Amino acid sequence: MLKGGLVLAVLIAVAYAMLPIARQWILAASPFLFFLICPLMMLFMMKGMQSCHGEHKSKQEESTQDSRVER
């Protein structure tokens, strides 16, 4: 989570420096972006866990099928 916050801070700083027209909007939106980083990181983490769980489940099914074939 700390890495995500640091990346977001760098992105906000770069956007602030590169887009002088949008500085007011960037300053207004940045607290909300930091507030939303927690649920967004959780969402991506849970998606990653589901994809790993699916791979683990398919490996279990393969090993179960292999053991049935051997009998």
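Figured I'd write up the structure that's included with this text. Quick caveat: nothing in here was measured; it's all calculated off a predicted structure.

To continue, consider the packing of aromatic side chains. Within this structure, the stated rule accounts for 0 aromatic pairs. The cationic tip of Arg 23 hangs over the ring face of Tyr 16; the distance from NZ or CZ to the ring centre is 4.7 Å.

Summarising the element assignment, Ala 13 is placed in helix α1 (residues 2-18). Looking at Ala 13, the relative accessible area reads 46%, which means it is partly exposed. C-alpha separation for the pair Ala 13 and Ser 30, spaced 17 residues apart in sequence, amounts to 9.9 Å.

Reading guide: rules and limits
Residues numbered from 1 in each chain as written. Predicted model: local features only at pLDDT ≥ 70, side-chain atom pairs only at ≥ 80, totals over all residues. Heavy atoms only, no water. Phe/Tyr/Trp six-rings, centres within 6.5 Å; stacked < 30°, edge-to-face > 60°. Lys NZ or Arg CZ within 6 Å of the ring centre and 35° of its normal. Helix = DSSP H or I, 4+ residues; strand = E, 2+ residues; numbered from the N terminus. Buried < 20%, exposed > 50% of the residue type's maximum accessible area, 1.4 Å probe, protein only.

It is worth stressing that arrangement in space is one thing and function is another; only the former is reported here.
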